[in-house]
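# A look at the structure
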Amino acid sequence: MKLVSAIIKPFKLDDVREAIAAIGIEGMTVTEVKGFGRQKGHTELYRGAEYQVDFLPKVKLEIAIKAEDLDMLIEAITTAAHTGKIGDGKIFVVDLEHAIRIRTGELDTEAL
């Protein structure tokens, strides 16, 4: 099993959700986060005063999947979240040792 964490632009969330549903993957956790990478924020003008925005709004998706579905999921996220501009995001993949469905007690892949 794998745990996929993807950081994407907030306005791409619906596109990514639809792409994931289209490949048959059910369930994800979505968190609103702030951060920066190479783009290092930007300067904005508000009421005539400039100020630095260091942390940009992003959305973090966490999806637990079977290992054999990994390539398909990465392709779906990458395609749906792509704008070609700086700040499109990143995908991180880690091994998932155990998953337990609390309601039924199902373990590992059955719990997904």
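Residues numbered from 1 in each chain as written. Predicted model: local features only at pLDDT ≥ 70, side-chain atom pairs only at ≥ 80, totals over all residues. Heavy atoms only, no water.

The test is simple: UniProt positions are given in the numbering used here, feature names are shortened, and annotations may be inferred rather than shown by experiment.
The protein chain goes by Nitrogen regulatory protein P-II 1 in an unreviewed UniProt entry, where it is assigned to Shewanella glacialipiscicola. Of the comments in the UniProt record for the protein chain, the one headed Sequence similarities (unreviewed entry) reads "Belongs to the P(II) protein family."

### Re helix H2 (residues 70-81)
For an α-helix, 3.6 residues make a turn, and residues three or four places apart therefore share a direction. Our working rule: Runs of E in the DSSP output that reach at least two residues are strands. Runs of H or I that reach at least four are helices, and both are numbered from the N terminus. How far a helix is expected to stretch is found by multiplying one less than its residue total by 1.5 Å. Burial here depends on accessible area, computed with a 1.4 Å probe over protein chains only, as a share of the maximum for the residue type. Under 20% is buried, over 50% is exposed, and the range in between is partly exposed. Of all possible arcs, the one meant is that of the directions from the helix axis to the C-beta atoms. The contact rule is simple, with two residues in contact once any of their heavy atoms fall within 4.5 Å.
Spanning 12 residues, H2 covers 16 Å between terminal C-alpha atoms, matching the ideal 16 Å at 1.5 Å per step. The complete set of buried residues in H2 reads Leu70, Leu73, Ala76, Ile77, Ala80 and Ala81. Buried residues of H2 fall within an arc of 130° about the axis and therefore sit on the same side. Exposed and oriented more than 90 degrees from the buried face of H2 are Asp71, Glu75 and Thr79. Where H2 is buried, its residues meet strand E1 (2-8), helix H1 (13-22), strand E5 (56-65) and strand E6 (89-95).

### Focus on the environment of Leu13
The topology assignment puts Leu13 in helix H1. Taking the C-alpha atoms as reference, Leu13 lies 9.7 Å from Ile77; in sequence the two are 64 residues apart.

### Considering the sheet that holds E5
This is how it is decided: Two strands pair under a simple rule: DSSP has to find at least two bridges between them. Every angle, taken between N-to-C directions, lies between 0 and 180 degrees, and every axis is a line fitted to C-alpha atoms, over only the stretch in contact when it is a helix.
Spatially, E2-E5-E1-E6 is the arrangement adopted by the 4 strands of the open sheet, whose pairing is antiparallel. In this open sheet, the two strands that pair with only one neighbour each are strand E2 (29-35) and E6. On average, adjacent strands in this sheet sit at an angle of 20° to one another, irrespective of strand direction. Across 7 bridges, E1 lies against E6 in antiparallel orientation. Across the sheet, residue Ser5 finds its bridge partner in E6, namely Phe92. Running at roughly 5° to E1, H2 makes contact with E1, E5 and E6 of the sheet.

### Thoughts on the side chain of Lys9
Among the secondary structure elements, Lys9 is positioned in the loop between E1 and H1. Look at Lys9 and you get buried, because its relative accessible area is 14%.

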